[in-house]
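Single-letter residue listing:
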Amino acid sequence: MAEAIIALRQLSKHYGDKKAVDRLDLEIARGEIFGLLGPNGAGKTTTILMMLGLTEPTAGSALVCGSDATRHPLEVKRRVGYMPDDIGFYEDRSGLDNLIFTARLNGVSPRDAADRAEALLRRVGLEEAADQRVGTYSRGMRQRLGLADVLIKRPQVVILDEPTLGIDPQGVRELLALISDLSRKEGLTVLLCSHHLHQVQQICDRVGLFVRGRLIACGTIEALAEQLNASGTAQIELRLAGWPPDIGARLQALQGVTAVRRLPEESEQASGATDAETGGVHVEHGQGQELRLLVECAAPGLAPAIAAEVHASGTALLELRRVAYGLDDIYRTYFEGEDGP
Amino acid sequence: MTSPQQDAALPHGGGMNAAQEETRLRRPFWILVAKEIGDHMRSWRFGILFAIIVLASVGSVYGAITALQGGVQQAEFDANFLFLQMFTAVDSSRQLPNFMTFVSFLGPLMGIALGFDSINTERSKGTLSRLLSQPIYRDDFIRAKFVAALLLIAAVVFSLGLLVMGVGLLTIGFPPTPEQFLRVVLFLCLAVVYIGFWLTLSILFSIRCRQAATSALSGIAIWIFFSFFYGMLLNLLAGSMIGDAGQMSLRQQEWLLALNRLSPAQLFSEATTTLLMPGVRSLGPMTMEQVYGAIPAPLPLGQSLLLVWPQLTGLLAATMVCFGLSYLLFMRQEIRSRM
């Protein structure tokens, strides 16, 4: 791994008996986009606050850009841009004024501040709204202004806390593309905190899964998926044109199949219905024409056998695919594991 | 209060004087102050307050002038201190309060209005965490809040005070002696300190209370308590103290006065009275022996100052205590966005 620009060692923060962050060890390399993922209340924001020296850790240390965040917060804050999850601006001032103010606080001279602010507003696509009061900005515009605000100090590290919260999908795509572009072109290190897995998945080099103050997994998305796949099971999803009467039992009877589940219809899925457990014995008839099944196998390489079985039942096989682990599955599996006793 | 770290953290200006000067001016503290003053000046709140206070001063000057014009002929006022009476004369026929009363009444309101939402609004709007993630010290932030509002208060108080002096000069045509001028300037300084006390108190509430409304109400409640109810309570107490003899002992009276002086309003009114009325020789009860033989002459400025020194110290101390508490509370608070 390249030189670590953020190094957290045994970082802990306790509020009374509650451990918000529990002995966190994390290294982030220069120029990397790192996604810190976790549900709400996992301690992500607390970790960020400790990295910026805004909160004192109970134990451990946070070394950011070579400075100890607790002892020399100013050194860190000069090099790190932080965008809080619910960023606020001075609503009565224009976007340009807000940016210039931030630049001035970072010791930039008035003329340079104005130049930088205008350049950044162009960059994030707000040049037309530059002189409008921030109070009139939409959520997406505020978020983009936030990004400009973070960048105006020309940081080495950018920490974004839930940057995509409350923006429409188009806005999210644009924002993430912008972040990714910045990181690649200017060698920025980006720490992205979020609970929106799919969004983060697109641009992160590595992710860390953070649950109840502890980092339970860390690595590239592929590596995490491999870890999960290495647990020995493979899942195969089937889509059939009709309802063969005993397809469940037949598949179950195959060597190596551990479970057969009926997946909800597309429409059911949309309404939030969960997997209907069929007990693996038989699949009941529904109203729909198509049947979607999930076959869990103890070993890979069962797809031909399953296809043959379906073929033997006389129903057309519309689709058969091996389910690859996405971030969503990773997330759910790890978090569900954590939710246990 | 500059911490050693702060100086060390500044970029070195290459040893050149001009560069150093520029670095000093660029210090975040003064940028924060400038922004705060700008915010206050643009706000409706400040405009309204300013209008009220200007109207009140105009009224008081008008009252004082008519009172003086009517009173001098009846030898009601001491012609020696005519100029100072621009600030203290009461027009009994029109019931207009004088400038001194206006300042002591509206000053706290101004202090509270400028401070009550200084911290909690930044917090609730989410600007606090953004601001504090910039390379500034926390104490710079809270000091900037205080200094900006205080500078503004000083500007208002001094401009009004000097205006009243100017109008006085024009209408009564009686020039002040340097001593009288100094007395007025000292009175204005005192007013700034007094309003500063209410400012720090309201900043304290703004740190303590999450809601701006709660903090404003707490500040106003304390102001009203000290302006009205505290005096009433003490009167009740005094009533119960008066024994069968029908009068209080000297010790009881001193006790009562000491209690009274817990109120910043009382301290301010004692101090201003002494400063603006050189005839005031004592602020407590005096025995006949003490009064006996004393010549009822006005006090020189030095002596008046000595007389109000404890009051001034008391006000400053109260301000310091409030500021210290705010400081302590703020430094210990955790900065999160919109908690």
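Everything here concerns the structure above.
What this report covers is the structure whose coordinates are included nearby.

Procedures and definitions
- Numbers given for residues are sequential positions, taken from 1 along each chain in its written order.
- Here every chain gets a letter starting at A, and every ligand a number starting at 1, in the order they are written.
- Restriction of local features to residues with pLDDT of at least 70 applies here, the model being predicted, together with a cutoff of 80 or more for giving and counting side-chain atom pairs; totals for whole chains, interfaces and linings are based on all residues.
- Computation of side-chain values: all heavy atoms of the structure, hydrogens and water removed.
- Ring pairs are drawn from Phe, Tyr and Trp, using the six-membered ring of Trp, whenever the two centres fall within 6.5 Å, and their geometry is named by plane angle: stacked under 30 degrees, edge-to-face over 60, tilted for the rest.
- Numbering of helices and strands runs from the N terminus, with a helix taken as a DSSP run of H or I at least four residues long and a strand as a DSSP run of E at least two residues long.
- The rule is simple: take the accessible area with a 1.4 Å probe, protein chains only, and divide by the maximum for that residue type; under 20% is buried, over 50% is exposed, in between is partly exposed.
- Only heavy atoms matter for contacts: two residues are in contact if any of them lie within 4.5 Å across the pair.
- When two parts are brought into contact, each loses some accessible area as probed by a 1.4 Å sphere; the total of that loss over both is the buried area.
- Salt bridges are defined as contacts in which a side-chain nitrogen from Lys or Arg sits within 4 Å of a carboxyl oxygen from Asp or Glu.
- In protein, a polar contact requires one atom able to donate a hydrogen and another able to accept it; more generally it is a pair of N or O atoms within 3.5 Å, and residues adjacent in sequence count only if both atoms are side-chain atoms.
- By the convention adopted, Pro, Cys, Tyr, Trp, Phe, Met, Ile, Leu, Val and Ala count as nonpolar, Lys, Arg, Asp and Glu as charged, and the other residues, Gly among them, as polar.
- Think of it this way: DSSP has to see at least two bridges between two strands before they count as a pair.
- For helices, the fitted line uses only the C-alpha atoms of the stretch in contact; every axis is such a line through C-alpha atoms, and the angle between N-to-C directions lies from 0 to 180 degrees.
- Nine residue types can take part in a nonpolar core, namely buried Ala, Val, Leu, Ile, Met, Phe, Trp, Tyr and Cys, and a core is a set of them joined through side-chain atoms within 4.5 Å.
- Multiplying one less than the number of residues by 1.5 Å gives the expected span of a helix.
- Note that the arc is defined by the directions from the helix axis to the C-beta atoms.
- Under this scheme an angle from 65 to 115 degrees is roughly perpendicular, one under 35 degrees roughly parallel, and one over 145 degrees roughly antiparallel; angles in between are oblique.
- What makes a crossing left-handed is the near helix being turned counterclockwise from the far one by less than a right angle; a clockwise turn instead makes it right-handed.
- Every patch collects residues that have over 30% relative accessible area and no salt bridge, joining them within 9 Å if they carry like charges and within 5 Å if they are nonpolar side chains (Val, Leu, Ile, Met, Phe, Trp, Tyr).
- Accessible surface area values rest on a Shrake-Rupley calculation with a 1.4 Å probe, where residue burial reflects the displayed protein chains alone.

**Comments concerning the packing of aromatic side chains**
Counted under the stated rule, the structure contains 17 aromatic pairs over all chains. Measuring from centroid to centroid gives 5.9 Å for Tyr 90 of chain A and Phe 101 of chain A, while their planes differ by 75 degrees, and the two rings are edge-to-face. Within this pair, whereas Tyr 90 of chain A is found in the loop between β6 (80-83) and α3 (95-105), its partner Phe 101 of chain A is found in helix α3, the two being separated by 11 residues in sequence. A relative accessible area of 10% means that Phe 101 of chain A is categorised as buried. Between the aromatic rings of Phe 105 of chain B and Trp 223 of chain B, the centroid separation amounts to 5.5 Å while the plane-to-plane angle is 50 degrees, which identifies the pairing as tilted. Remark: Trp 223 of chain B occurs in helix α11 (residues 212-241) and Phe 105 of chain B occurs in helix α6 (residues 99-115); sequence separation between them is 118 residues. Note on Trp 223 of chain B: relative accessible area 9%, which makes it buried. These aromatic residues form a ring-pair network of at least three members: Tyr 194, Phe 197, Trp 198 and Phe 268 of chain B.

**A closer look at the environment of Pro 155 of chain A**
All names here are of chain A. Structurally, Pro 155 can be placed in the loop between α5 (139-151) and β7 (157-161). For Pro 155, a relative accessible area of 10% corresponds to the buried category. Distance from Pro 155 to Lys 77, taken between C-alpha atoms, is 8.8 Å for residues 78 residues apart in sequence. Not counting residues up to four positions away in its chain, the partners in contact with Pro 155 are Arg 79, Val 80, Gly 81, Val 150 and Leu 188.

**Focus: the interface of chain A and chain B**
Counting residues at the interface gives 36 residues for chain A and 29 residues for chain B. Carbon and sulfur atoms make up 52% of the surface buried where chain A meets chain B, a total of about 3,000 Å² over both sides. Where chain A packs against chain B, one counts 2 salt bridges. In this structure, Asp 39 of chain B and Arg 93 of chain A form a salt bridge, with 2.7 Å as the shortest nitrogen-oxygen distance. Here chain A and chain B share 13 residue pairs in polar contact (both at pLDDT 80 or more) between them. At the level of elements, β1 (4-15), α1 (44-51), α2 (73-79), β6, α3 and α5 of chain A are the ones that each hand at least two residues to the side of chain A that touches chain B. Its residues placed into classes, the side of chain A that touches chain B shows 13 nonpolar, 9 polar and 14 charged.

**Structural notes on the sheet that holds strand β5 (residues 67-68) of chain A**
What holds strands together in a sheet is hydrogen bonding between their backbones, with the strands either parallel or antiparallel. Residue and element names in this part refer to chain A. Read across the sheet, 4 strands follow the order β2-β1-β4-β5 without closing on themselves; strand pairing throughout is antiparallel. Both edges of this open sheet fall to β2 (18-29) and β5, since each of them pairs with a single strand only. In this structure, β1 lies alongside β2, joined through 8 bridges in antiparallel fashion. By the bridge assignment, Leu 8 is partnered in β2 with Leu 26. Sitting on the sheet, α1 is in contact with β1, β2 and β4 (59-64), with an inclination near 120 degrees to β1.

**Some points on the pairing of β4 of chain A**
All names here are of chain A. The sheet contact formed by β1 and β4 spans 5 bridges and is antiparallel. Bridging from a neighbouring strand, Leu 8 pairs with Ala 62 of β4. For β4 and β5, the ladder comprises 2 bridges, and the chain directions are antiparallel. Across the sheet, the residue bridging to Val 64 is Ser 67, located in β5. Turn length for the β4-β5 hairpin, with the two strands adjacent in sequence and antiparallel, is 2 residues, and the turn residue Cys 65 shows positive phi of about 50 degrees.

**Concerning the sheet that holds strand β11 (residues 234-240) of chain A**
All names here are of chain A. Sheet architecture is open: 4 strands sit in the order β12-β13-β11-β14, paired in antiparallel fashion. Taken across any chain shown, the strands that pair with only one partner, and hence form the sheet edges, are β12 (257-262) and β14 (317-322). The mean inter-strand angle of the sheet, taken between neighbouring strand axes irrespective of direction, is 20 degrees. Of the pairings in the sheet, the one linking β12 to strand β13 (residues 291-297) comprises 5 bridges and is antiparallel in character.

**Side note on the nonpolar core**
Side chains of a nonpolar character, in soluble globular proteins, are inclined to be buried together. Ranked by size, the top nonpolar core spans 114 residues in total, and within it Phe 87 and Phe 187 of chain B carry the most contacts. Ranked by residue count, the leading element in this core is helix α10 (residues 178-208) of chain B, at 15 residues. Excluding its chain neighbours within four sequence positions, the residues that come into contact with Phe 187 of chain B are Phe 87, Phe 99, Met 100, Val 103, Phe 268, Thr 272, Leu 275 and Leu 276 of chain B. Grouped together as the second largest cluster of nonpolar side chains are 48 residues, Leu 121, Ala 129, Val 190 and Cys 204 of chain A included.

**Description of helix α4 (residues 110-123) of chain A**
All names here are of chain A. Over its 14 residues, α4 extends 20 Å from the first C-alpha to the last, a length consistent with the 20 Å expected when each residue adds 1.5 Å. Of all the residues in α4, the buried ones are Ala 113, Arg 116, Ala 117, Leu 120 and Leu 121. Down the axis of α4, the sector holding all buried residues measures 130 degrees, keeping them to one side. In α4, the exposed positions that point more than 90 degrees away from the buried face belong to Arg 111 and Arg 122. Buried residues along α4 sit against α3 and α5.

**With respect to the side chain of Ser 215 of chain B**
Residues and elements named next belong to chain B. Inspection of the secondary structure assignment puts Ser 215 in helix α11. For Ser 215, a relative accessible area of 0% corresponds to the buried category. If we ignore the near neighbours within four places in the chain, the residues touching Ser 215 are Phe 116, Asn 120, Ser 202, Phe 205, Ser 206 and Cys 209.

**Concerning the packing of α5 of chain A against helix α6 (residues 169-186) of chain A**
Residue and element names in this part refer to chain A. It is the contact of α5 with α6, at a shortest axis distance of 11 Å, that shows an interaxial angle of 15 degrees. Considered as vectors, α5 and α6 are oriented roughly parallel to each other. Like other packed secondary-structure pairs, α5 and α6 cross with a definite hand, here right-handed. Contacts from Gln 143, Arg 144, Leu 147 and Leu 151 of α5 reach α6 at Leu 175, Leu 178, Ile 179 and Leu 182.

**Structural notes on a nonpolar patch on the surface**
There is a patch of nonpolar side chains on the surface, built from Phe 105, Ile 224, Phe 225, Phe 228, Phe 229, Met 232, Leu 233 and Leu 236 of chain B and spanning about 740 Å² of accessible area. Residue contributions to the nonpolar patch peak at 7 residues, all from α11 of chain B.

Keep in mind that these numbers describe shape and distance, not what the molecule does.
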